[in-house]
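Spelled out, the chains give:
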Amino acid sequence: MDKPKFFDNLRFVFLISFMFCFSLLLLDYYVSVSDRGMEFLIFHMNGTNHAQRHTMAEPSNSSSTFNETGDCTEKRIHANQNDVSAIPAAQGEVHKRSNVGVVANPVSRNSDSCSDQYIYVHDLGSRFNEDLVKGCHSLMRWFDMCPYMNNLGLGPKVTEKSKEKVLLKENWYATNQFSLEVIFHNTMKHYKCLTKDSSLASAIYVPYYAGLDVGQYLWGGFNVSTRDASPKELVKWLAQQPEWKRMWGRDHFIVGGRISWDFRRVTDSNDDWGNKLMLLPEAKNMSILLIESAGSKENEFPIPYPTYFHPTKEREIFQWQKKMRNVKRPYLFSFVGAPRPDSSSLSSSIRNEIIKQCQSSRSCRFLNCHDSHHRNNCNDPVQVTKVFQNSVFCIQPPGDSFTRRSTFDSILAGCIPVFFDPNSAYNQYFWHLPKNASSYSVYIPVTDVTQKRVIINERLSRVPRRQVLAMKKEIIRLIPRIIYRYPSSRLETVEDAFDIAVKGILGRIEAIKRDTTKVNDSSS
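With an unreviewed UniProt entry as reference, the chain is termed Exostosin-like, source organism Vigna unguiculata. Looking at the chain in UniProt, the text filed under Subcellular location (unreviewed entry) is "Golgi apparatus membrane". Listed under Sequence similarities (unreviewed entry) in UniProt, the entry text for the chain is "Belongs to the glycosyltransferase 47 family."

Spelled out as structure tokens, the structure:
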């Protein structure tokens, strides 16, 4: 035997064996650190399409959803309900829905970010919305509403002539307090989860301008038949739609830009106030968003009055918040309003006492909306905002009703509201304002003021500085939640009053569906 040749062959065999074993070690190491297991290495080496493979590592009860391109897999792993941690973090965020872990892949085309958020908008006849805007000259007896219907319901743009720079340069409008339903409808037109397929919708929006409709008949001696004509025609039409019969209107909602009592006429006397929209059987099934609720009504949900600021981008909100943090406030408190001539009513007596105390105090700023010399200032966003900016506390007594648009104007200006009746805010805006009332406001019982047991100046001056700073911080934090953005814009990182209202309605309707399912299950 040729020994040198034999040893050469033997060395070759050992070298090949060593390289093979070393390759196995490398493969074993790769498999141990790879989050996809051996299938990742094998199928990427030979270029096989992911959509065609069946991995040995996946359990048989898991499911894969493939996108349209076929080159990427979205894993939806239905893990043990009590073991969310079993889902690999590398594949996406883990969300809890009914205690089931769901892996969300934000880049997947099949991922439905609008799930449970779709809204279908009824295509009503123009007489219920557009025609009302076109007939804006007759909407209010006392003044012309047409200027306030401009700019998608925001009203005329505000141009600040003063060099004080009270406002930001853009996106301030002289918005009327009764324009909410127009603003809401125009914003809904740009809602990211609209659908034309009502079967997909979690909620059905009815774009009826109920407040504008009733407002044109509140003064002038119109009979009840005239006032009730549109509401009755509306609910008759709704009841005939297939979408209505799905839940008999319990998934429908309306926005009314006036207070509840304008839609709750109890009698059929022509001398009684308002129409009876909210007392119609069909309307009782719907959810109704209003600027003020009547109280314990289960289907009423108050949302903020519109203010003057309608930003298009988050940076404008952040810029305004920063300005409100740094502004100097020389007055302890202020009041923007008018006295009431009827001194016998509680609302009149509290206002008259507030004005008296404010005028007798150097630490109070009073903007008199009754004096003809200053009346226009009370309708000027610059003047109103300036007064609130200069004040630490803003007095918010009841007026013609419990709530005031002024409350939200003051919050926008970083001014801490002072309330005298729980129905002015605490029993109203549950979705938009904190449950802890003392975190953002001061409460003084109305009778303490009217019976002169409390001097407002003394009461507010005793609030500890630390508490004042905490309330101011909370007020400024609330600003995005009480403003309505420019209707055609989108906010990506913050929620405005519209977003919170929509979320509240979707949650309300989802709760109704759950309760209905429980009742059906228990009766079967």
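Asker: Any chance you could break down empty space enclosed by the protein for me, citing the residues and the numbers?
Answerer: Any empty space left between the atoms is revealed when a probe the size of a water molecule rolls over them. According to the stated counting rule, one finds one cavity of 30 Å³ or more in the structure shown. The volume enclosed by the largest cavity comes to roughly 40 Å³. For the largest cavity, the full set of lining residues is L139, M140, M145, F178, G211, L212, G215 and R258. The element best represented in the lining of the largest cavity is helix α6 (residues 210-215), accounting for three residues. Classifying every residue of the lining of the largest cavity by side-chain character gives five nonpolar, two polar and one charged.

Asker: Can you tell me about the confidence of the model for the chain, naming the residues and giving the values?
Answerer: Across the chain, pLDDT averages 83, with 77% of residues at or above 70. Ignoring residues within four places in sequence, the model shows residues 29-109, a span with pLDDT below 50, making 79 contacts including any to other chains.

Asker: Lay out the layout of surface pockets in plain terms, naming residues and giving numbers.
Answerer: The calculated volume of the largest pocket comes to roughly 1,400 Å³. Along the wall of the largest pocket there are 38 residues; nearest its centre are Q177, F178, R340, N379 and D400. Among the elements of the structure, β7 (252-259), β10 (331-337), α12 (381-389) and α13 (405-412) are those that each provide at least two residues to the lining of the largest pocket. At three residues, the largest contribution of residues to the lining of the largest pocket is made by α13. Class assignment of the residues belonging to the lining of the largest pocket gives a composition of 19 nonpolar, 10 polar and nine charged. Both domains that meet at the lining of the largest pocket, namely domain 1 (119-306 + 497-519) and domain 2 (328-482), each give it at least three residues.

Asker: A description of the pattern of salt bridges should follow, citing residues and the corresponding values.
Answerer: Should their charged atoms come close, side chains of opposite charge can pair. Counting across every chain of the model gives 15 salt bridges. With a shortest N-O distance of 2.3 Å, E233 and R127 are connected by a salt bridge. In this pair, E233 is assigned in helix α7 (residues 224-239) and R127 in the loop between β5 (119-121) and α3 (130-134), connecting sequence segments 106 residues apart. For E233, a relative accessible area of 35% puts it in the partly exposed group. Since its relative accessible area comes to 36%, R127 is described here as partly exposed. With a shortest N-O distance of 2.7 Å, K503 and E495 are connected by a salt bridge. A cluster of three or more residues bridged by salt bridges with shared partners is formed by D228, R265, D268 and K276.

Asker: Describe the sheet that holds strand β8 (residues 287-292), naming the residues involved and giving the relevant values.
Answerer: Here five strands make up an open sheet; going across it, the order is β5-β6-β7-β8-β9 and the pairing parallel. Each edge of the open sheet carries a strand with a single partner, namely β5 and β9 (300-302). Within the sheet, the average angular offset between the axes of one strand and its neighbour, ignoring direction, is 30°. By the bridge criterion, three bridges tie strand β6 (residues 203-206) to β7 in an arrangement that is parallel.

Asker: Just give me the short version of the packing of aromatic side chains, but keep the residues and values in it.
Answerer: Applying the stated rule across the entire model yields 21 aromatic pairs. Residues Y305 and F408 carry aromatic rings whose centres are separated by 6.2 Å and whose planes lie at 35° to one another, so their mutual orientation is tilted. Of this pair, Y305 sits in the loop between β9 and α10 (314-326) while F408 sits in helix α13, and the two are 103 residues apart along the sequence. For the pair shown, Y305 and F408 are each scored as buried.

Asker: Break down the state of the cysteines for me, citing the residues and quoting the values.
Answerer: Tallying each qualifying case throughout the model produces five disulfides. In this model C358 forms its disulfide with C364; the gap between the sulfur atoms is 1.8 Å. Given an S-S torsion of about -90°, the disulfide between C358 and C364 has left-handed geometry. Summarising the burial analysis for this pair, C358 and C364 share the class buried. In this model C394 forms its disulfide with C415; the gap between the sulfur atoms is 2.0 Å. Since a negative S-S torsion denotes a left-handed disulfide, the C394-C415 link at about 115° is right-handed. Residue C394 is found in strand β12 (residues 391-396), and its partner C415 is found in the loop between α13 and β13 (416-419); the two are separated by 21 residues along the sequence. Here the two residues C394 and C415 agree in accessibility, since each one is buried. Numbered by order of appearance in the sequence, the disulfide-linked cysteines of the chain pair as 1-4, 2-3, 5-6, 7-8, 9-10.

The rules behind each value
- Residues numbered from 1 in each chain as written.
- Predicted model: local features only at pLDDT ≥ 70, side-chain atom pairs only at ≥ 80, totals over all residues.
- Heavy atoms only, no water.
- UniProt positions renumbered as here; feature names shortened; annotations may be inferred.
- 1 Å grid on protein atoms, 1.4 Å probe; cavity = no way out; pocket = protein on both sides within 12 Å on 5 of 7 lines; lining within 4 Å.
- Points joined across faces, edges and corners; volume = space filled by probe spheres on them.
- Helix = DSSP H or I, 4+ residues; strand = E, 2+ residues; numbered from the N terminus.
- Nonpolar A, V, L, I, M, F, W, Y, C, P; charged D, E, K, R; others polar.
- pLDDT = per-residue confidence, 0-100.
- Contact = heavy atoms within 4.5 Å.
- Domains from an automatic or database assignment.
- Salt bridge = Lys/Arg side-chain N within 4 Å of Asp/Glu carboxyl O.
- Buried < 20%, exposed > 50% of the residue type's maximum accessible area, 1.4 Å probe, protein only.
- Pairing = 2+ DSSP bridges.
- Axes fitted to C-alpha atoms, helices over the stretch in contact; angles between N-to-C directions.
- Phe/Tyr/Trp six-rings, centres within 6.5 Å; stacked < 30°, edge-to-face > 60°.
- Disulfide = S-S within 2.5 Å.

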